[in-house]
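# Understanding the architecture of this molecule
Residues per chain, in single letters:
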Amino acid sequence: MPTKGLTERLADGESLVVAEGYLYEFERRGYLKAGAFVPEVVLEHPEQLRLLSEEFVHAGSDTVVAYTYYGHREKLRAIGREDDLEKLQRTALQIAREVADKTGTLMAGDICNTTVYDKDDPETHRDVTAMFKEQVEWAMEYNVDYIIGETFNDFGEALLALEAIKTYGKGVPAVITFAPSSAYSTFDGYLYGDACRKLEEAGAAVVGVNCNRGPKSMLPIVRDIIKSCKGPVACLPNPYRTTDEHPTMHSLKDADTGKMAFPDDLPAWLCSRTQIRAFANEAKEMGVRYIGLCCGNASYYTRIVAEVYGRTPPASKYSSDMSQHFVYGDEKFAKKYFSAGLKAKLATNE
């Protein structure tokens, strides 16, 4: 077990690198269906979850996040597998616990947007609270170091998540983040800075944003949140090249068809490694101390973020070193026969 928990690390001025993005990575690997996005991989291929969890730690993640995102009652009901809810939750939590113990990292439970919340319907508030309650109680059986409540569109649902963690979480810290669709406010009309400050005042250890937006269109929101809050702020964008014109991954268009790129054609919009490094540097300069990437993340992106934040994870052994390339390398490694002429041909169509 780690000697220092989430709040102790942050109180000491440290940062946390947190790899999320299990959902899209498993979809890319052929273990999860886009659309419902239910983590059936936990039930059907738990060995793959263990491998990816270890891979993210190898790349520099300080936390193993239990992959229970969209593994809640409503999502499983939608695909006819509600009876598998507890098994899915416990399997994901057990794997995360074992990987965290093996690697000496923190372990986080995870609850998220339920897809049933309606700010004007109190009955949905009761349903949401019941869903959060059972998930938090299961998480506590696996000695989580903290619980993430993420990807909330509404302040109201985020507050219900925080209240559930405080009520049933036996004092574990809560990290609560919004999925910013609008540039300024939550779906129920709270400015992000105000919403995060209210959550902070209500007891959240970390507040911020995750998902929906790429680095370029998320960082301005994070800057406003930092101005509004006193404590640590979280920033976990998607690694997509969103812009002012197309600020969310859902607004990106396929270059050939003009149709919405989400979800199948999003890979064409992935950030370069240089862009992720620039994002991590800017976030660090802004004072972001809970940092990571969400849907679309891959281990090589996490390695870059970890390196910017001062880590040298095992994966850094294999970080790029083009000095050894036979065409583009330095004098010791480049072959004159190839570097003299092949370099020019590779750069043209001749």
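In this text the structure is predicted, and so the values were computed from the model without any measurement.

### Describing the domain arrangement of the protein
Each assigned domain of the protein is listed with its residue range as follows: domain 1 (6-319) and domain 2 (321-349). Using C-alpha coordinates to define each centre, domain 1 is positioned 41 Å away from domain 2.

### Overview of the UniProt feature "binding site: Zn(2+)" (unreviewed entry) in the protein
What UniProt calls "binding site: Zn(2+)" (unreviewed entry) maps, in this numbering, to Cys211, Cys294 and Cys295. Despite a sequence span of 85 residues, these residues sit close together in the fold, their greatest C-alpha distance being 6.4 Å. Residue Cys211 is classed as buried on the basis of its relative accessible area of 4%. With residues near it in sequence (within four places) discarded, Cys211 still touches Thr151, Pro180, Met218, Leu236, Pro237, Asn238, Met249, Cys294 and Cys295.

### Considerations on the pairing of strand E1 (residues 16-19)
Here E1 shows no split at all, with Leu16 and Val18 on one side and Val17 and Ala19 on the other all buried. Pairing of E1 with strand E8 (residues 290-293) involves four bridges; the strand directions are parallel. Considered in E8, the bridge of Ala19 is made with Leu293.

### Digging into the packing of helix H8 (residues 155-168) against helix H9 (residues 192-201)
Helices that pack against each other are described as a pair by the angle of their axes relative to one another and the distance between those axes. At a minimum axis distance of 11 Å, the contact between H8 and H9 shows a crossing angle of 15°. Taken as axis vectors, H8 and H9 run roughly parallel relative to one another. The way H8 lies across H9 gives a crossing that is right-handed. Taken together, the residues of H9 that come into contact with H8 (itself represented by Phe155, Ala158, Leu159 and Leu162) are Ala195, Lys198 and Leu199. Across the contact of H8 with H9, the residue classes tally to six nonpolar, no polar and one charged.

### What about the side chain of Arg213?
Looking at where Arg213 falls in the secondary structure, it is placed in the loop between strand E6 (206-210) and helix H10 (215-228). We note that Arg213 is buried and unpaired, the nearest opposite charge coming from Asp244 at a distance of 6.9 Å. Polar side-chain contacts of Arg213 include one of 3.4 Å to the backbone oxygen of Ser182. A polar contact of 3.1 Å, which involves the side chain of Arg213, links it to the backbone oxygen of Ser217. Every residue in contact with Arg213, bar those within four places of it in the chain, is listed here: Pro180, Ser181, Ser182, Ala183, Met218, Ile221, Pro237, Asn238, Thr242, Pro247 and Thr248.

### A short note on the pattern of salt bridges
The tally for this structure, following the rule as stated, stands at 25 salt bridges. In this structure, the salt-bridge partner of Glu25 is Arg29, at a minimum N-O distance of 2.8 Å. In this pair, Glu25 and Arg29 are both assigned in helix H2 (residues 22-29), four residues apart and thus about one turn of the helix distant. Its relative accessible area of 10% is what places Glu25 among the buried residues. Taking relative accessible area as the criterion, Arg29 reaches 32% and is therefore assigned partly exposed. Residue Arg73 is joined to Glu82 by a salt bridge in which the shortest nitrogen-to-oxygen separation is 2.8 Å. Given a relative accessible area of 26%, Glu82 falls into the partly exposed group. Each of Arg73, Glu74, Arg77, Glu82 and Glu134 takes part in one network of salt bridges that share partners.

### Quick word on the packing of helix H11 (residues 273-286) against helix H12 (residues 299-308)
Relative orientation of the contacting elements H11 and H12 amounts to 35°, with a least axis distance of 9 Å. At the point where H11 passes H12, the crossing takes the right-handed sense. In this structure, H11 uses Arg273, Ile276, Arg277, Ala280, Asn281 and Lys284 to contact H12, whose residues at the interface are Tyr300, Tyr301, Arg303, Ile304, Val305, Glu307 and Val308. Taken together, the residues that form the contact of H11 with H12 break down as seven nonpolar, one polar and five charged.

### Topic: the nonpolar core
Grouped together as the largest cluster of nonpolar side chains are 109 residues, with contacts concentrated most on Tyr67, Tyr146, Phe178 and Tyr290. Looking at which element gives the most residues to this core, the answer is helix H6 (residues 85-103), with eight residues.

### So, the packing of aromatic side chains
One pass over the structure, following the stated rule, counts 13 aromatic pairs. Aromatic side chains Phe155 and Tyr190 sit 4.5 Å apart centroid to centroid with 40° between the ring planes, which places their arrangement in the tilted category. Taken together, the residues span a long stretch of sequence, with Phe155 in helix H8 and Tyr190 in the loop between strand E5 (174-178) and H9 at a distance of 35 residues. When the ring of Tyr337 is compared with that of Phe338, the centres are 5.0 Å apart and the planes differ by 80°; the resulting orientation is edge-to-face. Note on Tyr337: relative accessible area 70%, which makes it exposed. Members of the aromatic cluster, joined through ring pairs, are Tyr22, Phe26, Phe56 and Tyr67. Cation over ring: Lys75 sits above Tyr70, and NZ or CZ is 4.2 Å from the ring centre. Against the face of Tyr168 rests Lys133, its NZ or CZ located 5.3 Å from the ring centre.

About the thresholds
- The numbers attached to residues start from 1 for each chain and follow its sequence in the written order.
- Where totals are concerned, whole chains, interfaces and linings use all residues; where local detail is concerned, this predicted model gives features only for residues with pLDDT of at least 70, and gives and counts side-chain atom pairs only at 80 or more.
- With hydrogens and water excluded, all non-hydrogen atoms of the structure serve as input to the side-chain values.
- Note that domain bounds follow an automatic or database assignment of domains.
- UniProt positions are given in the numbering used here, feature names are shortened, and annotations may be inferred rather than shown by experiment.
- Under the scheme applied here, a residue whose accessible area is under 20% of the maximum for its type counts as buried, over 50% as exposed, and between as partly exposed, the area being computed with a 1.4 Å probe on protein chains only.
- Two residues qualify as a contact provided that any one of their heavy atoms is within 4.5 Å of a heavy atom in the partner residue.
- Strands here are runs of E lasting at least two residues and helices are runs of H or I lasting at least four, both read from the DSSP assignment and numbered beginning at the N terminus.
- Here the rule is simple: two strands pair whenever DSSP picks up at least two bridges between them.
- Think of each axis as a best-fit line through the C-alpha atoms, taken over the contacting stretch in the case of a helix, with angles from 0 to 180 degrees between the N-to-C directions.
- Throughout this description, any angle smaller than 35 degrees is read as roughly parallel, any larger than 145 degrees as roughly antiparallel, any in the 65 to 115 degree range as roughly perpendicular, and the remainder as oblique.
- Left-handed is the label given to a crossing in which the near helix is rotated counterclockwise from the far helix by less than a right angle, and right-handed is the label when the rotation is clockwise.
- The nonpolar class holds Ala, Val, Leu, Ile, Met, Phe, Trp, Tyr, Cys and Pro. Asp, Glu, Lys and Arg form the charged class, and all remaining residues, Gly among them, are polar.
- For this count, His and the chain ends are skipped, Lys and Arg are scored as positive, and Asp and Glu as negative.
- By salt bridge we mean one thing: a side-chain nitrogen of Lys or Arg within 4 Å of a carboxyl oxygen of Asp or Glu.
- A 3.5 Å cut-off defines polar contacts: any pair of N or O atoms within that distance qualifies, except that in protein one atom must be a possible hydrogen donor and the other a possible acceptor, and neighbouring residues in sequence count only when both atoms are side-chain atoms.
- We call a set of buried residues a nonpolar core when its members are Ala, Val, Leu, Ile, Met, Phe, Trp, Tyr or Cys and they connect through side-chain atoms within 4.5 Å of each other.
- The criterion for an aromatic pair is that two Phe, Tyr or Trp rings (for Trp, the six-membered ring) have centres within 6.5 Å, with stacked assigned to planes under 30 degrees apart, edge-to-face to planes over 60 apart and tilted to the rest.
- By definition, being over a ring means that NZ of Lys or CZ of Arg is both within 6 Å of the ring centre and within 35 degrees of the ring normal.

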